[in-house]
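# Geometric and topological summary
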Amino acid sequence: MINRRAFGKALGAGVAGTAAATQARLFDASAAAATTAGHSVGSASAVGRTEGRTSFDSVKQVKAGELDIGYAESGPAHGPVVILLHGWPYDIHSYVDVAPLLAAEGYRVIVPYLRGYGSTRFLSAKTFRDGEQVATGLDLIALMDALKIQKALLGGFDWGARTADVVAALWPGRCKALVSVSGDLIVNQKQQQQPTPPAAERAFWYQYYFTTARGERGLTKYRHDLAKLIWHDASPTWHFDDATFDRTAAAFDNPDYVRIVIHNYRWRLGLAKGNPRYAGVQAKLAAEPAIAVPTVTLDGALDPFVPPGNGSAYRKKFTGPYIHRRLEGIGHNLPQEAPQPFAQAVMDADRL
């Protein structure tokens, strides 16, 4: 989530999705027909939410780069790899219903905790607790190297979409295809200095709160209460229960959670320095490279952080085969609110 996002919502015609008996038919034929010559803009409407799973079978650990990364894994060991990335304030449980849908179709699904979340830990106490976008992008590359994965389908929302976008833009050889909720989320710090309309700025109140010492203390003391407030605001029709929230909130007890979150938001606004080691890579991102890998972008119609224009605000960033879909009645945590359409988007991106 970055503060160039506006509250405005474009009106878009939806095509009906379906909860079919087979996982391969998660949308009806009209959604599939939205793709013409592998490159068109379609829209999709979620008609139901599939929920029921409460956890992954297990969480594994692997040393990768400067981290010991915790990750869940589903599906056949030799299937095509899909890596799904969560955002803030969420965790791997955003994909607890997506993963089995993809695993049933033969995909090997890997869902890691980002730095500062869950069981992911820094290997050294001396490592700079860096929350900038390049750091999480390089974490993903390190994870793939550690698991001997040369190329994967990447999907994410919020911080996770940004991380996947960074890898797709800078290391396209590692990304077979991309599913990015809210489209292009790569941060341009110069653009971040420009104000947006007041209604849009209001949606990002927490970012400004985190720039203050009071906000940092507030996140430390009220990390669970603050996250729950964001969940309600960002997903107004998602009626999650306390048990669902508590499963994710446990990930915020990571010892580096506050430092990573605070640095992430301060860095975006130019109020915290990035890691000098990443300056060259960040300069490449500042040049706004296009993303040429096959891509499906998704917008939740009720997500307050989605830009207006039904995908037009970021369309030019994606130069390869492309589909855009808007999901009616869905908010910010799109994969957990609408797991079937998200899983379908992954499979459709794989076929582009």
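Since the model is a prediction, treat every value here as computed from it, not as a measurement.

Once that is clear, we can look at the overall build of the protein. Across its full length, the protein carries 14 helices and nine strands. The proportion of buried residues among the 352 residues of the protein is 59%. Within the protein, residue pairs in contact and separated by at least 24 positions form 80% of the contacts whose partners lie at least 6 positions apart. Element-wise, carbon and sulfur atoms account for 56% of the exposed surface of the protein, whose accessible area totals about 13,400 Å².

Counting buried residues along strand E3 (residues 81-85), five of its five residues qualify, which places the element largely inside the surrounding structure. Side chains Val81, Ile83 and Leu85 project from E3 onto one buried face, and the interleaved Val82 and Leu84 project onto a second face that is buried too. Two elements, E3 and strand E4 (residues 108-112), share three bridges in a ladder whose sense is parallel. Paired with Val81 across the bridge in E4 is Arg108. What joins E3 to E4 is helix H2 (residues 98-104), and the crossover it makes is right-handed. Two elements, E3 and strand E6 (residues 152-156), share four bridges in a ladder whose sense is parallel. Bridge assignment links Leu84 to a residue of E6, and that residue is Gly155.

Here the focus is the pattern of salt bridges. Taken as a whole, this structure holds 15 salt bridges when the rule is applied. The partner of Glu73 in a salt bridge is Arg108, with the nearest N and O atoms 2.6 Å apart. On the criterion of sequence distance, the pair formed by Glu73 in strand E2 (residues 67-74) and Arg108 in strand E4 is long-range, its members being 35 residues apart. Judged by its relative accessible area of 14%, Arg108 falls in the buried class. Residue Arg326 is joined to Glu328 by a salt bridge in which the shortest nitrogen-to-oxygen separation is 2.8 Å. Owing to a relative accessible area of 25%, Glu328 belongs among the partly exposed residues under this scheme. Each of Glu66, Arg115, Asp139 and Arg277 takes part in salt bridges that share partners, so that together they form one network.

For the protein, per-residue confidence averages 88 on the pLDDT scale, and residues scoring 70 or more make up 85% of the total. Note on residues 1-48: pLDDT under 50 across the span, and 144 contacts to partners over four residues away in sequence or across chains.

Let's shift gears to the packing of aromatic side chains. On inspection of all chains with the given rule, the structure shows 27 aromatic pairs. Arranged with centres 6.0 Å apart and planes meeting at 90 degrees, the rings of Trp205 and Tyr206 form a pair that is edge-to-face. On the numbers, 6.4 Å between centres and 90 degrees between planes, the contact of Tyr206 with Phe305 is edge-to-face. Taken as a pair, Tyr206 in helix H7 (residues 205-209) and Phe305 in the loop between strand E8 (295-300) and strand E9 (322-327) lie far apart in primary sequence, 99 residues in all. One aromatic cluster is present, built from ring pairs that chain together Trp88, Tyr117, Trp159, Phe204, Trp205, Tyr206, Tyr209, Phe210, Phe252, Tyr257, Tyr265 and Phe305.

Here the bond from Trp88 into Pro89 is cis, since omega is -5 degrees, no more than 30 degrees from zero. If you trace the backbone, Pro89 turns up in the loop between E3 and H2. Even without glycine at this site, Asp158 takes up a positive phi of about 55 degrees. You can see Asp158 is positioned in the loop between E6 and helix H4 (159-170). Relative accessible area serves as the criterion here: at 1%, Asp158 is assigned to the buried category. The phi dihedral of Ser182 is positive, around 75 degrees, even though this residue is not glycine. Structurally, Ser182 is set in the loop between strand E7 (175-181) and helix H5 (189-192).

Thresholds applied
- Residue numbers here run from 1 along each chain, matching the order of that chain's written sequence.
- Whole-chain, interface and lining totals are the exception, using all residues; otherwise, since this is a predicted model, local features are given only for residues with pLDDT of at least 70 and side-chain atom pairs are given and counted only at 80 or more.
- Each side-chain value is derived from all of the structure's non-hydrogen atoms; neither hydrogens nor water enter the calculation.
- Secondary structure counts use DSSP, requiring at least four H or I residues in a row for a helix and at least two E residues in a row for a strand, with both numbered from the N terminus.
- We call a residue buried when its accessible area falls under 20% of the maximum for its residue type, exposed when it is over 50%, and partly exposed in between, using a 1.4 Å probe and counting protein chains only.
- Contacts are residue-level and defined by heavy atoms, with any inter-residue pair within 4.5 Å sufficient.
- The protein chains shown are the only cover counted for residues, whose accessible areas, like all others here, come from Shrake-Rupley with a 1.4 Å probe.
- Strand pairing follows a simple DSSP-based rule, namely that at least 2 bridges must link the two strands.
- Convention used here: a crossover is right-handed provided that the path from the first strand, over the helix, to the second strand proceeds clockwise when the strands point away from the viewer.
- Here, a salt bridge means any side-chain nitrogen of Lys or Arg that lies within 4 Å of a carboxyl oxygen of Asp or Glu.
- You can read pLDDT as the predictor saying how much it trusts each residue, on a scale of 0 to 100.
- Side-chain rings of Phe, Tyr and Trp, where Trp is taken by its six-membered ring, are said to pair if the distance between their centres is within 6.5 Å; with planes under 30 degrees apart they count as stacked, over 60 as edge-to-face, and otherwise as tilted.

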